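# Coordinates in review
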Amino acid sequence: MHGTAAPALPIEQGVNLRTLNAFGLPAQAQTLVRIDSDATLRRVIDHPELGRAPKFVLGGGSNVVFTRDPQAVVLKIEVGGRRLVQELPDAWIVEVGAGENWHDMVAWTLAQGWPGLENLALIPGSVGAAPVQNIGAYGVELKERFESLDAVDLVTGRTVTLGLDACHFGYRDSVFKHSLAGKSVITRVRLRLPRPWRAVLGYLELTRKVHETGVTDPDPKTIFEWVCAIRSAKLPDPATVGNVGSFFKNPVVSAEQCRDIIGRDPEIVHYPLPDGSVKLAAGWLIDACGWKGKSIGRAGVYEKQALVLVNRGGASGAEVITLARAIQESVYGRFGIRLEPEPVVV
Ligand code: EPU
């Protein structure tokens, strides 16, 4: 090509990933490319060497545990932009680049007068990571505020738009953890914020706030502040203490299995699900096994919430995994339940 060649792809070599993962674990990317648009991603796919290489998608680094250097080409998703795309009688539709920070975006929608995401305040990570694990907190899951997303196919380079059904959202689960894992990259997410707005206050800790404050009809900003206060009180801030939020999913067991466990441990925290199965609080199980505040090497169990593993300073990914396995074994030994990690382990 003459004259019209696009500028060279910004390929970085030997990039330290410690500050790019919320656990603060040591790892190095042999090759890293910052992706600011679908077009940049297509140039990676068309690149003679990078195109064929395996790829690892890194968002805010809030859901990954590095136990070694990733061998794949790291694609650091930095697609920006946020705008109102539609104002319908029954919803605001907001489009956000996958590289935007989730919490900043939540605060921005509220400031613009488009409420609906306040229960999901302060969840660490990027907007593009939100659909992958169908983030949820305090009675709201992403899928309840989801319109569609754009994703680029890593083989063809084509951008496809996926709606709610195509994403197969489940509890901390989606198609991006299964058939589309490693095959496509989310570049934009469209959120559907229902009008008229309705407060979601059913979660125990929010109900408690209503009683404590006497505010029975809080506005979105108040709920946002309550959620921020609740989270800050029991979850460590990744900016000061390395962590990836809940390390394990809350396990779901059959009603029969739950009856057995309740027979032995009447205190167990459990939530019946519509299909008859029962979700157990993994944090409670881990706590009951005496893990709160304990450490293995420089990896520890957070003092205020046993579901969160933390980096006590200079931990390696191997130490985190050793701790996670020890917890899994003791929970299995006492309750016969296998805890499943939530983050991606590299
Ligand atoms: N519990 C204990 N000891 C502990 C931790 C929890 O006894 O050390 C008990 C609590 O007292 C409570 C129950 O376990 O009765 C559940 O705890 P909590 O309400 O804190 O919720 P969670 O099950 O620990 C889930 C999500 C969080 C989300 C909160 C609020 C998962 C894996 N985690 O936590 O999501 O913020 O509910 O909706 O579903 C995340 O995914 O990273 C995350 C933080």
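Since the model is a prediction, treat every value here as computed from it, not as a measurement. (Residues numbered from 1 in each chain as written. Predicted model: local features only at pLDDT ≥ 70, side-chain atom pairs only at ≥ 80, totals over all residues. Heavy atoms only, no water.)

## Regarding the environment of Ile186
- Residue position: Ile186 is located in strand 12 (residues 184–194).
- A C-alpha to C-alpha distance of 14 Å links Ile186 and Gly81, two positions 105 residues apart in sequence.
- If we ignore the near neighbours within four places in the chain, the residues touching Ile186 are Ile77, Ala98, Gly128, Pro131, Val132, Leu149, Asp150, Ala151 and Phe176. (Helix = DSSP H or I, 4+ residues; strand = E, 2+ residues; numbered from the N terminus. Contact = heavy atoms within 4.5 Å.)

## A word on the nonpolar core
- Judged by nonpolar contacts, the single largest core of 41 residues is most densely connected at Trp102, Met105, Leu117, Leu142, Leu149 and Leu191.
- Those elements that place two or more of their residues in this core are strand 7 (91–97), helix 2 (102–112), strand 10 (146–153), strand 12, helix 4 (204–213) and helix 5 (220–234).
- It is helix 5 that provides the largest number of residues to this core, a total of six residues.
- Counting 32 residues, the second largest nonpolar core, distinct from the first, contains Val244, Cys258, Ile286 and Val301. (Core = buried A, V, L, I, M, F, W, Y, C linked by side-chain atoms within 4.5 Å. Buried < 20%, exposed > 50% of the residue type's maximum accessible area, 1.4 Å probe, protein only.)

## Let's talk about a nonpolar patch on the surface
- A grouping of Tyr203, Leu204, Val269 and Tyr271 is seen on the molecular surface, where their side chains present a nonpolar patch of about 360 Å² in accessible area.
- Counting through the fold element by element, Tyr271 comes out in strand 15 (residues 270–272).
- Residue class for Tyr271 comes out partly exposed when judged on its relative accessible area of 38%. (Patch = residues over 30% accessible without salt bridge, like charges linked within 9 Å, V, L, I, M, F, W, Y side chains within 5 Å. Areas by Shrake-Rupley, 256 points an atom, 1.4 Å probe, with all protein chains shown as cover. Salt bridge = Lys/Arg side-chain N within 4 Å of Asp/Glu carboxyl O.)

## Observations regarding the domain arrangement of the chain
- Taken domain by domain, the chain consists of domain 1 (11–77), domain 2 (82–194) and domain 3 (242–345).
- Between the C-alpha centres of domain 1 and domain 2 the distance comes to 21 Å.
- Counting residues at the interface gives twelve residues for domain 1, matched by 17 residues for domain 2.
- Summed over both partners, the interface of domain 1 with domain 2 comes to about 1,100 Å²; 62% of that surface belongs to carbon and sulfur atoms.
- Area buried by domain 1 at its contact with domain 2 is led by Asp38, Ile45 and Ile77, which between them contribute 42% of it.
- Seen at the junction of domain 1 and domain 2, the total is one salt bridge.
- In this structure, the connection of domain 1 to domain 2 is made through seven residue pairs in polar contact (both at pLDDT 80 or more).
- Going through the elements one at a time, helix 1 (38–46), strand 3 (55–58) and strand 5 (73–77) are the ones with two or more residues in the side of domain 1 that touches domain 2.
- Residue contributions to the side of domain 1 that touches domain 2 peak at four residues, all from helix 1. (Domains from an automatic or database assignment. Buried area = accessible area lost by both parts, 1.4 Å probe. Polar contact = N/O pair within 3.5 Å; in protein donor to acceptor, adjacent residues only side chain to side chain.)

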